[in-house]
Amino acid sequence: MDVQEKSKKRELIKTIAIIFLVIMLLLTFFSQTIMNHSLPEVATQVVQSGTINAKIRGSGTVAANESYEVVMEQTREVRSVCVKAGDTVEEGTLLFVMGDMESQEMKDAQNALQEAELAYQKQILTFSKTYAENDLKVKNLRLDLEKAIHDRDTNKVSDTEISYAKGNLASAKTQQSQLELLLGELKAAQESSEEYTEAKSKVDELNNKIKELETAADGYREQLGELNTTGEVNHDKAISTAQTALDTAQSALSAAQAELNAAQTTLNTDYIAYRDTYNSLIAAVRGVYPDASESDRTQLKSYIEAFLAQTPEDTPGLTDWQNAYNVLKKDEETIATKQAAVSEKQADVRAKQTALQEARADASNADGTADSKRQNIQNKLDKAQADLSAAQSQLRDAQARLDAASSANSQLKEQIKVYESSKREQDAAVTELDEKLKELEKKQEVYKAAVETVDSKQRELEEALSGKDISQQMDNLDLESQRLKIEQQRELVAKYQADTTETEIKSKVAGVVKSINVTAGKDTKPGEAMAVIDVVDRGFTIKVSVTNEQAKQVKIGDAADVSNYYWGNDIQATLEAITADPEGGGQKRLLVFRITGDIEAGTNISLSIGQRSANYDTIIPKSALREDTNGNFVLVVTSKSTPLGNRYTATRADVQVLAQDDNNAAVSGLAANDYVITTSSKPLDAGTQVRMVENPS
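Values in this document were obtained by computation on a predicted structure and should not be read as measured data.

Draft legend 1. Quick peek at the overall build of the protein. Within the protein, the regular secondary structure consists of 11 helices and 24 strands. Looking at the protein alone, contacts between residues at least 24 apart form 76% of all its contacts between residues at least 6 apart. Surface accessibility of the protein: about 42100 Å² in total, with carbon and sulfur atoms responsible for 50%.

Draft legend 2. Representation of the nonpolar core. Counting residues in hydrophobic clusters, the biggest one holds 28 residues, and the most contacted among them are L281, V285, I304, F307 and L308. Counting only elements with at least two residues in this core, the list comes to helix 6 (235–288), helix 7 (297–310) and helix 8 (318–364). When residues of this core are assigned to their parent elements, the largest contribution, 12 residues, is made by helix 6. Ignoring anything within four residues of it in the chain, the contact list for I304 reads Y278, L281, I282, V285 and Y325. The next biggest cluster of nonpolar side chains, apart from the first, holds 20 residues, and it includes V62, A64, A573 and I609.

Draft legend 3. Representation of the sheet that holds strand 7 (residues 88–89). The 4 strands are arranged 5-11-10-7 in an open sheet whose pairing can be described as antiparallel. The open sheet has two free edges, formed respectively by strand 5 (67–71) and strand 7, since each of these has just one partner strand. Note that strand 5 and strand 11 (residues 529–534) share 5 bridges and pair antiparallel. Within strand 11, the residue paired with Y68 across the bridge is I533.

Draft legend 4. Expanded view of a nonpolar patch on the surface. Judged by side-chain polarity, F20, L21 and M24 come together as a nonpolar surface patch covering roughly 310 Å² of accessible area. Looking at where M24 falls in the secondary structure, it is placed in helix 1 (residues 2–38). M24 sits in the partly exposed class, given a relative accessible area of 39%.

Draft legend 5. Quick peek at the sheet that holds strand 6 (residues 78–81). Across the sheet, which stays open at both edges, the 3 strands sit in the order 6-8-9 with antiparallel pairing between neighbours. Both edges of this open sheet fall to strand 6 and strand 9 (504–506), since each of them pairs with a single strand only. Ignoring which end each strand starts from, the neighbouring axes of this sheet average 25° apart. When strand 6 meets strand 8 (residues 94–98), the two strands line up antiparallel, connected through 3 bridges. Each residue of the ladder has a partner; that of V78, found in strand 8, is M98.

Draft legend 6. How the structure looks around the pairing of strand 15 (residues 588–596). As paired elements, strand 12 (residues 540–547) and strand 15 share 8 bridges and run antiparallel to each other. By the bridge assignment for strand 15, F540 is matched with I595. Judged from the 8 bridges that link them, strand 14 (residues 572–580) and strand 15 form a sheet pairing that is antiparallel. If you follow A573 over to strand 15, its bridge partner there is I595.

Draft legend 7. Fine view of the environment of T265. As for its placement among the helices and strands, T265 is situated in helix 6. By relative accessible area, T265 is classed as partly exposed at 48%. Each C-alpha atom, one on T265 and one on D331, is 9.7 Å from the other, the two residues being 66 residues apart in sequence.

Draft legend 8. Representation of the pattern of salt bridges within the structure. For the coordinates displayed, the defined rule picks out 10 salt bridges. A salt bridge links K438 to D434; its shortest N-O distance comes to 3.3 Å. Of this pair, K438 and D434 are both found in helix 9 (residues 370–465), 4 residues apart, which corresponds to roughly one turn of the helix. A relative accessible area of 52% places K438 in the exposed class. Bridged by salt links that share partners, the residues D628, R652 and D654 form one connected network.

Draft legend 9. Spatial organisation of the packing of aromatic side chains. Applying the stated criterion across every chain, the model contains 3 aromatic pairs. Seen in terms of ring centroids, Y271 and Y278 are 6.1 Å apart; in terms of plane orientation they differ by 70°. Their pairing is edge-to-face. Of the residues examined, Y278 reaches a relative accessible area of 6% and is grouped as buried. Geometrically, the ring pair formed by F307 and W321 is tilted, given 5.7 Å between the ring centres and 55° between the ring planes. Placement of the pair is F307 in helix 7 and W321 in helix 8, with a sequence separation of 14 residues. Over the face of the ring belonging to F633 we find R652, whose NZ or CZ atom lies 4.0 Å from the ring centre.

So, how was this worked out
Residues numbered from 1 in each chain as written. Predicted model: local features only at pLDDT ≥ 70, side-chain atom pairs only at ≥ 80, totals over all residues. Heavy atoms only, no water. Helix = DSSP H or I, 4+ residues; strand = E, 2+ residues; numbered from the N terminus. Contact = heavy atoms within 4.5 Å. Areas by Shrake-Rupley, 256 points an atom, 1.4 Å probe, with all protein chains shown as cover. Core = buried A, V, L, I, M, F, W, Y, C linked by side-chain atoms within 4.5 Å. Buried < 20%, exposed > 50% of the residue type's maximum accessible area, 1.4 Å probe, protein only. Pairing = 2+ DSSP bridges. Patch = residues over 30% accessible without salt bridge, like charges linked within 9 Å, V, L, I, M, F, W, Y side chains within 5 Å. Salt bridge = Lys/Arg side-chain N within 4 Å of Asp/Glu carboxyl O. Axes fitted to C-alpha atoms, helices over the stretch in contact; angles between N-to-C directions. Phe/Tyr/Trp six-rings, centres within 6.5 Å; stacked < 30°, edge-to-face > 60°. Lys NZ or Arg CZ within 6 Å of the ring centre and 35° of its normal.

Pasting the structure below:
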């Protein structure tokens, strides 16, 4: 019994071992197939030799060939910056408005000049005292010099003071002119209700326009309703409605024209009745206002009303003059009102004619699907509603102007009084400033004459002090040296004065503002550019870095294609120079292109330029090229034999691109029979096992 049980156990263990071995064999047999299904699938292409007709591609920023820097040599306050970066300027365009205060550099130069002149004068007077005891001429010259120095110092008036005085006077006169203009406008507004009439006319016009637009919008909505209900639009009804509106408008125009004709007839009749009295009034007005002319009706009306208002009440014929003028004035105002009404009715007729033409055009163009008709009507409805909103906005503005004009007359007299008082004060200020300027100019004349006298007397003293005596000659040399320093300092002061008096800085070239380096309210820094202007007339360039091998394939004068600039027309790029790339370590060159056409500095563009055809031993598809921070590379398939078959691995191979066209690239770093991966079903890294679509043979 025990023997049988042991035999059964051995048989069971044997069976289990056989099953395990069979399973292991099956798994080993199918392991390659199972693993292959989980690996990325790749397509490859063998490296070939052939010809590349390549293009060199690159990008860069367009730069102007020449730039102009606006520079100040002294510290000045910037009052206003009149341009911004990107603006196009012409020669003479205002760039900056500068403060008219003296700069610190100017003050330092003037102080240095004054100190030098004072030292010179002290020394020459000291020398002259020594020699004056034995030389009467020197003594007299010394006295003349002292007097001239006194006249100069007591009458010193600088050009800056004169400039300020002129500026104050000009500013006061400007305010005076503005007050005169305001007074004229206020008086004109007081004497005429033209502003109110225009505002009222505009309000009426806009109200009529709003009614028309509302009617048109209602018509379009009705057409949409008909189209949705019946599938058709009753254009006959629209034409009939438009024709009725036109007939009504024409009738209104005829009535308005008849009223205008009647008003003109009334004026003619009244003029005949009051002709002699009116002519007598005109003669009297011209006696007081000789320049009164009937050709200028507004001026004549102003003179007549001023004459009637100022003529004493006991003047013979005054009542007749007033009556005749009031009748004819009322007739003219009636005609003006009727003319405005006719103009309004004429505009209404034109609008109704346009509406009728549009209705007929809609009927003529009624073909099409229901959707197209609906869209056409909806477009017109949208436009009518947009026009309606705009007209309502304009009406609010016009109503505000009308309200202001209605209440303005009561305020005009008070405003006129205030401005007349201000003008009297301004007239007195102008007179005072004018007298002050004249006084300063007179003192400056004395000052300048004294400066010339001081200069001439100093030279005469120098000559008188020079002689055969060694000490005199040494003294004279010292004076000459000091005079030379004074002259140099005067030139510096004159230069600073010329810059200081110039408050408007204008462009000296035409071009595009590249940058603005100052802001209003801040001071400039001497020698630093306030603005940089690209001189567009000098043209533009762009630089593209390429390899030495690529540079050998092009020549000066080759044209390049611009591939990504869509804002200008006829952009052309021509190779102008080939230079060393300072950042290329001797391995690269710079292609310098001349750019012409509608383009601006600072624009980034891409270029491509064709090379000459060349044969290469290793050419691959561009789809196989990859790039990272270490440069260009490809993934090459390498194989390894195993007991279960070949294993394929993606291996990195660094390459250098020698040339490329739109599809292929010539590279170095590969063998002739290498297989490069062009596509893969999954992202790949170097060292990844792959499954090939077709195994290489």
